[in-house]
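Below are the chains, spelled out letter by letter.
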Amino acid sequence: TPTQLNQTSSTSLSYSLDEWRKGYRSLQDEHEYWIDEIEGQIPAELQGTLFRNGPGLLDVNGQRIHHPFDGDGMICAFTFQDGRAHFRNRFVQTQGYLEEQEAGKILYRGVFGTQKLGGWLANLLDFRLKNIANTNVIYWGDKLLALWEAAEPHRLDPSTLETLGLDDLDGVLQPGSAFAAHPRVDPNCALDDGNACLVNFAIKPGLSTTITIYELDVSGKVVRQHSHAVPGFGFMHDFAITPNYCIFFQAPVSFNPLPYLLGLKGAGQSLNVQTDRPSQAIIIPRHGDAPVQTIPVEAGFIFHHANAFEQDGKLCVDSICYAELPAVGPNEDYLTVKFDRLAPGQLWRFEFDLTTQQVHPQLVEPRCCEFPVVHPDRVGRPNRYTYMGAAHAPTGNAPLQAILKLDWQTDDRLLWSAAPHGFVSEPIFVPRPDSTAEDEGWLLTLVFDGQQERSKLVILNASDLQEVAQLKLKHHIPYGLHGNFTSH
Ligand code: 3ON
Ligand code: FE
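Here's what I pulled together on the structure shown here. Keep in mind that this is a model prediction, so the values were computed, not measured.

1. Re the site of ligand 1
By nearness alone, 21 residues border ligand 1, and Phe69, Thr135, Glu149, Ala267 and Glu370 come closest of all. Relative to its unbound accessible surface of 800 Å², ligand 1 loses 87% to contact with the protein. Every element with two or more residues in the shell around ligand 1 is listed here: strand 23 (301-311) and strand 27 (369-373). The residue inventory of the shell around ligand 1, partitioned by class, reads 14 nonpolar, 5 polar and 2 charged.

2. As for the nonpolar core
Phe78, Phe80, Ile459 and Leu471 are the most contacted members of the largest nonpolar core, which totals 26 residues. Among the secondary structure elements, those contributing two or more residues to this core are strand 7 (73-81), strand 8 (84-91), strand 32 (428-431), strand 33 (441-449), strand 34 (454-461) and strand 35 (467-472). Among the elements that make up this core, the one with the highest residue count is strand 7 (4 residues). Excluding its chain neighbours within four sequence positions, the residues that come into contact with Ile459 are Ile42, Pro43, Leu46, Phe80, Trp442, Leu443, Leu444, Gln466, Glu467, Val468, Ala469 and Leu471. Counting 22 residues, the second largest nonpolar core, distinct from the first, contains Val253, Phe301, Phe303 and Ala390.

3. Some points on the pattern of salt bridges
The final tally for this structure, using the stated rule, is 28 salt bridges. Across the salt bridge formed by Lys130 and Asp72, the nearest N and O atoms sit 3.0 Å from each other. Here the residue Lys130 occupies a position in the loop between helix 3 (119-123) and strand 9 (136-140), and Asp72 occupies one in the loop between strand 6 (63-64) and strand 7, the gap between them amounting to 58 residues. With relative accessibility at 10%, the residue Lys130 sits in the buried group.

4. Brief notes about the packing of aromatic side chains
Using the criterion set out here, one finds 27 aromatic pairs in the structure. With a centroid separation of 5.0 Å and 85° between ring planes, the pair formed by Phe201 and Phe248 is classed as edge-to-face. Of the two residues, Phe201 is situated in strand 14 (residues 197-204) and Phe248 in strand 18 (residues 245-250); the sequence distance between them amounts to 47 residues. Per residue, the accessibility class of Phe201 equals that of Phe248, and both read buried. One aromatic cluster is present, built from ring pairs that chain together Tyr15, Trp20, Tyr24, Tyr334, Phe339, Phe423, Phe448 and Tyr479.

5. Some points on the coordination of the iron ion (ligand 2)
Those protein atoms acting as donors to the iron ion (ligand 2) are His182 (NE2), His237 (NE2), His304 (NE2) and His482 (NE2), and they sit at 2.0 to 2.1 Å. Considering all 4 donor atoms around the iron ion (ligand 2), angles at the metal cover 94 to 158° and the coordination shape is irregular. Going along the chain, you hit the donors of the iron ion (ligand 2) in the pattern H-x54-H-x66-H-x177-H. A residue pair is termed long-range when its members are at least 10 positions apart, and His182 in the loop between strand 12 (163-166) and strand 13 (184-186) and His304 in strand 23 qualify at 122 residues. Residue His182 shares its accessibility class with His304, and that shared class is buried.

Analysis parameters
Within any chain, residue numbers begin from 1 and follow the written order of that chain's sequence. In the order they appear in the text, chains get letters beginning with A and ligands get numbers beginning with 1. Side-chain atom pairs in this predicted model are given and counted only at pLDDT of 80 or more, local residue features only at pLDDT of at least 70, and totals for whole chains, interfaces and linings cover all residues. By convention in this description, side-chain values take in all heavy atoms of the structure and omit both hydrogens and water. In these notes, residues near a molecule or strand are those with any non-hydrogen atom within 4 Å of it. Accessible surface is estimated by sampling points in the Shrake-Rupley manner with a 1.4 Å probe; for residues, cover comes only from the protein chains shown. Secondary structure elements follow DSSP: runs of H or I of four or more residues count as helices, runs of E of two or more count as strands, with numbering from the N terminus. Residue polarity follows a fixed list, in which Ala, Val, Leu, Ile, Met, Phe, Trp, Tyr, Cys and Pro are nonpolar, Asp, Glu, Lys and Arg are charged, and the others, Gly among them, are polar. Throughout this description, the term nonpolar core refers to a set of buried Ala, Val, Leu, Ile, Met, Phe, Trp, Tyr and Cys residues connected via side-chain atoms within 4.5 Å. Accessibility here uses a 1.4 Å probe with only protein chains present; expressed as a share of the type maximum, an area under 20% marks a residue as buried, one over 50% as exposed, and anything in between as partly exposed. By definition in these notes, contact holds between two residues if any of their heavy atoms fall within 4.5 Å. Any Lys or Arg side-chain nitrogen located within 4 Å of an Asp or Glu carboxyl oxygen qualifies as a salt bridge. Pairs were defined over the aromatic rings of Phe, Tyr and Trp, the Trp ring being its six-membered one, requiring ring centres within 6.5 Å. Orientation was assigned from the angle between planes: stacked under 30 degrees, edge-to-face over 60, tilted for the rest. A 2.8 Å cut-off from the metal defines N, O and S donors, relaxed to 3.2 Å for Na, K and Ca; water is not in the atom list, so some sites may appear incomplete. For four-coordinate sites, all angles between 85 and 135 degrees define a tetrahedron; for four- and six-coordinate sites, opposite donors beyond 155 degrees with the remaining angles between 65 and 115 define square planar and octahedral shapes respectively, and all other cases count as irregular.

Set out below in C-alpha cells:
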C-alpha cells in the first residue's frame, strides 16, 4: 500500500541479497500466452501494448557475462485488450546472438567487461562490437525498433516480435552508425504542424565527440538532422528535450584505451569519471542557427534525465545523478556488489539562465532512485509529477523496490513498495483515455518476486499509487531496462 513519506529509516535491510540475485538468471524460453493469474482487475480502458527490453541472457551456454548491460536483448510484449492481457517474449535475433547460440560460447567482448574465454590473449585487439539490441524498444512510424546506443536499431514485427533485421531509417543511417536508446517524443512539435515527433541522437566518441540529432515525423521519416562536435570523450546515454533545445550532460570522463586494446577490460570499464571536475551541459538548439551553448555544472555522472522545460526565461533539467560512475571491475562480480559502498542515484534539478549562463543545481530527492518518467504530454514542458523506481528505504543505496511519485507543486511524495520480496523496474505512465488531470492514468511496472522466483506486471493508479491489478507470469523476467507503451 502507498505511504506518505515521513517514516523513519529502519536499520534492517528491506530485501535479501539472495532473492535480489535471482532476478539476474537467464530466461532461455520464449513464451506466449494469455495471462490467467490476475489479482484485481485490468481496466477496460487500458488498451494497447507495453513493449519492454532488457538483457534476457546473463550467460551464454553457462559462460557468465561480466555485466548485465552486456546481455542479449529480449523483448516482452504485454497486450491489453478488453480487460485481458496477453504476454509474449522473444530474443532479438541479432547476428551476435545467433552466432553465439550456434557456437555455444561467448564469441564477442562486451562493452561492460564480458570477455571471451582464454584470457587477454584471446581478447587482444578484438574491437568488434556485438549489437545486442538490449536497451529500449519503441513503436514509431509503423516500425517496432529495438535499440542499443552503440549501433543501428533492429526492426521487429510488432505482433510476433520476430526480428526483421537492422533498420537504417530508410537509408539515413550509414552501416555501423549509432542510434541512441533514448528517443524522446515531443508531443506537440511546431515544425510538424503540432504533430508529435520523435527526437533521438547518436554519439560518435573520440578525442572529440560528434553528437548527431535526428527528428522523425509521425510516419517515421527523418525530417531534420544536424551534427555537432564537442571537445573531449563523450559517454552520453540519455538526453532531454524542450520545444527549442536538446540538452546533454557530458561528464568529465577520460578514456584509457590501453587495457581495452590489450584485452584486459571492456571499453566501458576503461572510462574514468573525474568527479572532481564539472560536467558540461551541452545545449543544442533543435532548429535555427543559434550557437550551441556549453555551461559547466557540478553534476557527477548522469545516465537518465526525467524531463526538461523552459519557463520564465529559465531552462530546467531534472536528472538522476551519481557521485561516481558505477562500474564492475575486471575481478569483481556484479552479483556480490556491496550496495552500501556504491553511490546512490539521486534526483536533482538544474536551473539554467541561458542569458547569464548561470546554473543553480538543487538536490530534490535524496532517496536512491532510477528510471524517472513523466506524462507523455508533459515531455519538454513543465510537469507537475515525476514518477521513478526507488529504494524502499529513504537513505542509502539499495535495489529498486518501490515506485515514488513526486509532486513538484506541493512537494509531497507517495511511495508504493514491493518490499521485502519484490524488485521493480522502470515505471511506464499510461494516460487514461480522455483524461484531463496530469496524474489520471496508470503506472505499469514489472516486478520480480525473489521469493516466488517469478515476475508480475503491476498496474498502479497514478493518482494515489493504489494497486489496480497484478498480472502474474508463469516464470521470471530478468531485470530489464526500458520500454514504451503504444495504444496502436
Ligand atoms: O567506448 C565508448 C564508451 C561506451 C561506454 C563508446 C561506446 C558507445 C561503445 C560505449 C557504449 C555504451 C553502451 C553500449 C551503453 C549501454 C548501456 C546500457 C545497456 C544500459 C544502461 C543502463 C543504466 C542504468 C542506470 C541502469 C540501471 C539499472 C538498475 C537500477 C537495475 O535494474
Ligand atoms: Fe537508459
